[in-house]
Amino acid sequence: MKNQTYIELTDTLKQKINQLLNEKVVDYVIGYEKGSLWFKTRPFMIRKQTEVEKVIWNRFCQFNLSTFLKPISQRGEKIGIVAKKCDLKSIVELIKNNQVKKENLYIIQVACDGVLNWQKLENFSGIPVSKVIEIEENALNLVIKTSESSIEVLKSDCLLDKCLVCDFQHSTYADDFISISDENNHEIRNQTIPYFESLEDVDYEGRLEFWLKHFSRCLRCYACRNVCPACFCPTCMFDSQEGLWISKESKTPENYVYHLTRAFHTATLCVECGECERVCPVNIPLMKLNKKLAKEVKDAFGYQAGLQVDELSPFKTFCQEDTDEFK
Amino acid sequence: MEIVAFCCQWCSYAGADLAGTSRLKYPANIRIIKIPCSSRINPTFILKALSKGVDGVMVAGCHPGDCHYSNGNYFTRRRLTVLKRLIEFCGINPERLQLYWISAAEGGKFAESVKDIISRLEKIQDKPFPKNSGSSL
Ligand code: SF4
Ligand code: SF4
Ligand code: SF4
Ligand code: FES
């Protein structure tokens with residue numbers, strides 16, 4: 001993948017990580033390395049300076065690495081973490097909810113110009129990604145090259161959904177911001193995309209049918225929960241052996257309860273990072289649920305998750321004057 | 001018609017008692033579950049009841065300001081506001097979830113509330129969850 005900006009960003013990032021490890025500012029850094037295929041990346045814990053060479057930063061770094069802070073943050077080590085702007089939101093939520101201490105974190109924000117979705121890339125170019133040997137970029141397009149041909153597709157067609165609605169506020173919580181030029185392509189990324197609106201026109205039975213159809217496919221593999229930075233309970237109620245409130249069987253009504261419960265639990269914590277939907281092996285449109293709930297929380301309490309560490313979540317407080325919708 | 005009523009032990013449950021000892025008539029469709037405070041309601045209780053095919057769930061607690069634990073019911077009100085919108089989006093008529101404030105002295109209001117939820121449910125057309133389609137648990 002040829003993109004000068006990303007190559008330069010990677011170099012600066014490597015230098016930064018090297019320096020942090022060298023000066024013992026952090027015990028280790030969570031970043032990205034190359035995955036099993038050319039278009040894949042994977043999370044990478046960098047402990048030694050000899051490992052820094054493997055660090056990458058490119059348009060396929062989709063993971064929200066903050067989710068790794070959930071199990072390890074209690075150990076008291078000082079952790080460096082590579083974060084996109086959107087990942088900062090979930091870090092803010094983790095700090096706010098006492099899952100990690102800010103003083104134990106060193107946040108390296110890296111400029112991000114949108115993450116590519118390889119499935120979309122395949123769909124729009126009609127070329128299986130395994131055949132692709134090179135992708136070049138110009139202002140609005142990606143030039144996808146195979147050994148025989150080359151084809152241009154619109155960048156905006158191939159970005160992750162969340163990147164299309166990314167709203168570009170630079171967080172003040174990062175310790176470092178690695179950028180070269182400011183992110184360009186604002187026009188590509190400041191879109192609005194409908195997540196749940198079409199379902200609002202359907203009657204109740206239609207909506208129930210829609211969700212039951214999707215939830216009937218759910219395997220209860222819990223990948224959505226495990227990847228979610230907002231699901232930080234030490235023992236999830238769906239794993240708990242005491243008080244088995246819902247069956248672990250993957251039956252449709254139980255799955256319905258699972259999903260609505262999880263959506264409710266994460267209602268004031270979800271930062272709309274889209275990881276749950278991305279990892280779901282059976283493509284359940286979980287973001288419809290999350291986006292809708294985020295909108296309702298904003299509507300009812302004027303609250304948005306992930307913005308400020310010192311804000312109180314609406315479920316942890318109340319007003320005597322709250323409107324009573326049950327009158 | 002089947003309705004599950006979660007009643008706070010300090011007020012609405014006592015209100016239900018009073019309705020009984022005062023021999024007030026109310027529809028016999030409800031199954032009362034005693035809870036320590038309306039804020040003891042875990043949203044999963046409600047979701048589970050609805051997914052088992054009950055027609056409606058009523059939650060009853062002390063009047064705002066009167067909660068035995070000072071402010072549990074204010075939290076309940078916030079949570080159920082969101083839960084109501086969530087079930088509505090996921091295909092359950094929001095009328096199926098009702099929240100009432102009933103004190104221990106309001107036997108009459110308890111009976112009225114049961115009548116109220118029944119009359120609301122009689123008006124709605126869409127079906128609840130199919131009964132007994134899930135696991136036995
Ligand atoms: S529920 Fe999904 S979108 Fe929301 S924070 Fe969790 S993984 Fe991200
Ligand atoms: S689903 Fe609920 S109980 Fe389970 S980890 Fe997430 S927030 Fe915690
Ligand atoms: S990742 Fe998908 S299949 Fe697995 S539990 Fe979540 S919704 Fe179900
Ligand atoms: S004690 Fe009755 S609602 Fe809290």
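Criteria and cut-off values
- Residues numbered from 1 in each chain as written.
- Chains lettered and ligands numbered in written order.
- Predicted model: local features only at pLDDT ≥ 70, side-chain atom pairs only at ≥ 80, totals over all residues.
- Heavy atoms only, no water.
- Helix = DSSP H or I, 4+ residues; strand = E, 2+ residues; numbered from the N terminus.
- Rg over C-alpha atoms; globule rule 2.2 N^0.38 Å.
- Buried < 20%, exposed > 50% of the residue type's maximum accessible area, 1.4 Å probe, protein only.
- Contact = heavy atoms within 4.5 Å.
- Areas by Shrake-Rupley, 256 points an atom, 1.4 Å probe, with all protein chains shown as cover.
- Lys, Arg positive; Asp, Glu negative; His and termini not counted.
- Charge placed at Lys NZ, Arg CZ, Asp CG, Glu CD.
- Phe/Tyr/Trp six-rings, centres within 6.5 Å; stacked < 30°, edge-to-face > 60°.
- Lys NZ or Arg CZ within 6 Å of the ring centre and 35° of its normal.
- Domains from an automatic or database assignment.
- Salt bridge = Lys/Arg side-chain N within 4 Å of Asp/Glu carboxyl O.
- Buried area = accessible area lost by both parts, 1.4 Å probe.
- UniProt positions renumbered as here; feature names shortened; annotations may be inferred.
- Near = heavy atom within 4 Å.
- Nonpolar A, V, L, I, M, F, W, Y, C, P; charged D, E, K, R; others polar.
- Pairing = 2+ DSSP bridges.
- Axes fitted to C-alpha atoms, helices over the stretch in contact; angles between N-to-C directions.

What follows concerns the overall build of chain A. Of regular secondary structure, chain A possesses 13 helices and 8 strands. The C-alpha atoms of chain A give a radius of gyration of 21 Å, which matches the 20 Å a tight globule of 327 residues would have. Split into buried and exposed, the 327 residues of chain A put 55% on the buried side. Considering only intrachain contacts with a sequence separation of at least 6, the fraction spanning at least 24 residues in chain A is 68%. About 15100 Å² of surface is accessible on chain A, with carbon and sulfur atoms providing 50% of the total. The distance from the centre of the 42 positive side-chain charges to the centre of the 47 negative ones in chain A is 5 Å.

Helix and strand content of chain B: 4 helices and 4 strands. Reading the secondary structure of chain B in the N-to-C direction produces β-α-β-α-β-α-β-α. Taken against the 2.2 N^0.38 rule, which gives 14 Å for 137 residues, the C-alpha radius of gyration of chain B at 14 Å falls within 12% of a compact globule. Its C-alpha atoms give chain B principal-axis dimensions of roughly 40 × 30 × 30 Å. Looking at chain B residue by residue over its 137 residues, the buried ones come to 59%. Taking contacts inside chain B between residues at least 6 apart in sequence as the whole, the part at least 24 apart equals 80%.

Attention shifts here to the packing of aromatic side chains. What the rule picks out here adds up to 20 aromatic pairs over all chains. Here the aromatic rings of W38(A) and F39(A) are separated by 5.6 Å at their centres, their planes lie at 75 degrees, and the arrangement is edge-to-face. In this structure F39(A) comes out as buried when scored by relative accessible area, which is 7%. Through a chain of ring-to-ring contacts, the aromatic side chains of F196(A), F210(A), W211(A), F215(A), Y256(A), F89(B) and F129(B) assemble into a single cluster. The ring of Y222(A) carries the charged tip of R225(A) above its face, separated from the ring centre by 4.5 Å. The cationic tip of K84(B) hangs over the ring face of F326(A); the distance from NZ or CZ to the ring centre is 4.5 Å.

Our next topic: the domain arrangement of chain A. Entries for chain A in the domain assignment read domain 1 (4–115 + 166–178), domain 2 (118–158) and domain 3 (204–315). Between the C-alpha centres of domain 2 of chain A and domain 3 of chain A the distance comes to 33 Å.

With that out of the way, let us pick up the pattern of salt bridges. Using the criterion set out here, one finds 26 salt bridges over all chains in the structure. Where K102(A) meets D175(A), a salt bridge forms, and the shortest distance between an N and an O atom there is 3.2 Å. Placement of K102(A) in the loop between α3 (85–96) and β4 (105–110) and of D175(A) in the loop between α6 (161–164) and β8 (176–178) is noted, with a sequence separation of 73 residues between them. Judged by its relative accessible area of 26%, K102(A) is partly exposed. Accessibility expressed as a relative area gives 36% for D175(A), which makes it partly exposed. Between E136(A) and K145(A) there is a salt bridge, with its nearest N and O atoms 3.0 Å apart. Among the ionic contacts, a cluster of salt bridges with common partners joins E200(A), K292(A), E296(A), D299(A), E325(A) and R85(B).

Looking now at the interface of chain B and chain A. Opposite the 43 residues of chain B that make contact, chain A presents 47 residues. Buried surface at the junction of chain B and chain A, summed over both partners, amounts to about 4200 Å²; 66% is from carbon and sulfur atoms. It is R78(B), R85(B) and F89(B) that lose the most area in chain B upon contact with chain A, and together they represent 21% of the buried surface on that side. Applying the counting rule to chain B against chain A returns 4 salt bridges.

According to UniProt, the feature "domain: F420-non-reducing hydrogenase iron-sulfur subunit D" (unreviewed entry) maps to residues 3–124 of chain B in the numbering used here. End C-alpha to end C-alpha, residues 3–124 of chain B measures 15 Å, and it is 44% helix and 19% strand.

Around ligand 3, the neighbouring residues are C218(A), L219(A), R220(A), C221(A), Y222(A), A223(A), C224(A), H259(A), C280(A), P281(A), V282(A) and I284(A). Among the residues making up the shell around ligand 3, the classes are represented as 10 nonpolar, 1 polar and 1 charged.

Below, the discussion takes up the sheet that holds β4(A). All names here are of chain A. Overall, mixed pairing links the 5 strands, which are arranged β2-β1-β3-β4-β8 in an open sheet. This sheet does not close on itself; its edge strands, each paired only once, are β2 (41–46) and β8. Neighbour-to-neighbour, the strand axes of the sheet open up by a mean angle of 30 degrees, direction not taken into account. In the sheet, β4 pairs with β8 via 3 bridges, with the strands oriented parallel. Within the sheet, the bridge partner assigned to V110 lies in β8 and is I178. Contacts from helix α1 (residues 4–22) reach β1 (28–34), β2, β3 (79–83), β4 and β8 within the one sheet, and its direction differs from that of β4 by about 170 degrees. Contacts from α3 reach β1, β3 and β4 within the one sheet, and its direction differs from that of β4 by about 160 degrees.

Next up on the list: the site of ligand 2. Contacts to ligand 2 come from R225(A), C231(A), C233(A), C236(A), M237(A), F238(A), R262(A) and H265(A). Grouping the constituent residues of the shell around ligand 2 by class yields 5 nonpolar, 1 polar and 2 charged.

Residues and elements named next belong to chain A. Spatially, 3 strands are ordered β5-β6-β7 in an open sheet, and the strand pairing comes out antiparallel. Two strands bound the open sheet, and with one partner strand each, they are β5 (134–137) and β7 (150–154). Pairwise comparison of adjacent strand axes, ignoring direction, gives a mean angle of 25 degrees for this sheet. Sheet analysis places β5 next to strand β6 (residues 141–145), joined by 4 bridges and oriented antiparallel. In the strand pairing of β6, E134 is matched with K145.

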